[in-house]
Amino acid sequence: MIKKVHITRVLPLLLVFMLVLIAGCSSQDKSASTDPGQTPATQQEKGDTSLADVFAKNKDIKGMSFEMKTTMPEGPALESKMWFKDENLRMETNMPEAGGNVVYIANKTDKAMYMYQPAQNMAMKLPYKEEQFSGPQDKAEDVDASKAKYVGKDKIDGKTCLVYELAVEGGKEKIWVWEEYGLPLRMETEAEGQKTIIEYRNVKVGNIDDNMFELPAGTQIMDMPNMPGVSGTPAMP
């Protein structure tokens, strides 16, 4: 199982790293999908479906890819593409402030982590730390499934989902879980009058080529400089 990381907190740190890198260089079926701008309407189909049993379906997943969008109460939505295989990670996100597409690679086999800028074929090497990566299946570790109430079925991105509601600290949460693989495809959390939405789209389960977690041949690699207020790697609690 891939360990947990809060990607929404990683992205701002990635921008810091890429600005340093730029400075160094100078010297499934869409017709069935729910409208991403709308809150999916839950069908009123009741049942006694255990969330713990549904989450158990994802335990054997070794590889997957998806697009992730996080919409927070303040600031622009964060969007990225991600690939996981065992405990290897690749994340791509567009950062105009950093010069375009930015790629974050973590390879456990090589014990290496990099920030890579394809346009310049340059990468910054970051200190490697274990137990910091995750896929959507790790949501199961964050949820007290015994408190989840099944409220019906719905479609997300053309995939049949079981919908659950539960109370969380300071608010409530609603989760759409892909019935086939036990993966959350949408999460809405409301606390103190503010809502955060996490969406997973174009989720594909299956083997991922190992070269997705490697730098292209000929990439110029730089060591991460010491920066005040930024220590180590973008690992999160």
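Below you will find a few notes about this structure.

The rules we used
- Residues numbered from 1 in each chain as written.
- Predicted model: local features only at pLDDT ≥ 70, side-chain atom pairs only at ≥ 80, totals over all residues.
- Heavy atoms only, no water.
- Helix = DSSP H or I, 4+ residues; strand = E, 2+ residues; numbered from the N terminus.
- Contact = heavy atoms within 4.5 Å.
- Salt bridge = Lys/Arg side-chain N within 4 Å of Asp/Glu carboxyl O.
- Buried < 20%, exposed > 50% of the residue type's maximum accessible area, 1.4 Å probe, protein only.
- Phe/Tyr/Trp six-rings, centres within 6.5 Å; stacked < 30°, edge-to-face > 60°.
- Lys NZ or Arg CZ within 6 Å of the ring centre and 35° of its normal.

In this structure, Thr219 sits in the loop between strand S11 (194-205) and strand S12 (220-223). Once residues lying within four places of it in the same chain are set aside, the contact partners of Thr219 are Tyr116, Asn121, Met122 and Ala123.

The next thing to look at is the pattern of salt bridges. All told, the structure shown has 12 salt bridges when counted by the stated rule. A salt bridge links Lys159 to Asp157, with the shortest nitrogen-to-oxygen separation between them at 3.6 Å. Given the relative accessible area of 3%, Lys159 is considered buried. As a salt-bridge pair, Arg201 and Glu199 come within 3.5 Å of each other at their nearest N and O atoms. Exposure class is identical for Arg201 and Glu199. Each is buried.

This part is about the packing of aromatic side chains. Within this structure, the stated rule accounts for 4 aromatic pairs. Plain terms: the ring middles of Trp178 and Tyr181 are 4.9 Å apart, the flat faces sit at 65 degrees to each other, and that makes the pair edge-to-face. Owing to a relative accessible area of 6%, Trp178 belongs among the buried residues under this scheme. Here a set of aromatic residues connected by ring pairs shows up, and it is made of Phe66, Phe84 and Tyr200. The ring centre of Trp178 lies 5.2 Å from the NZ or CZ of Lys159, which sits over that ring.

Take unusual backbone geometry next. Within the chain, Lys111 stands out as a residue other than glycine whose phi angle is a positive 50 degrees. With respect to the secondary-structure elements, Lys111 resides in the loop between strand S4 (100-107) and strand S5 (112-117). Of the residues examined, Lys111 reaches a relative accessible area of 47% and is grouped as partly exposed. The residue Asn202 is not glycine, and still its phi comes out positive at about 50 degrees. By secondary structure assignment, the location of Asn202 is in strand S11.

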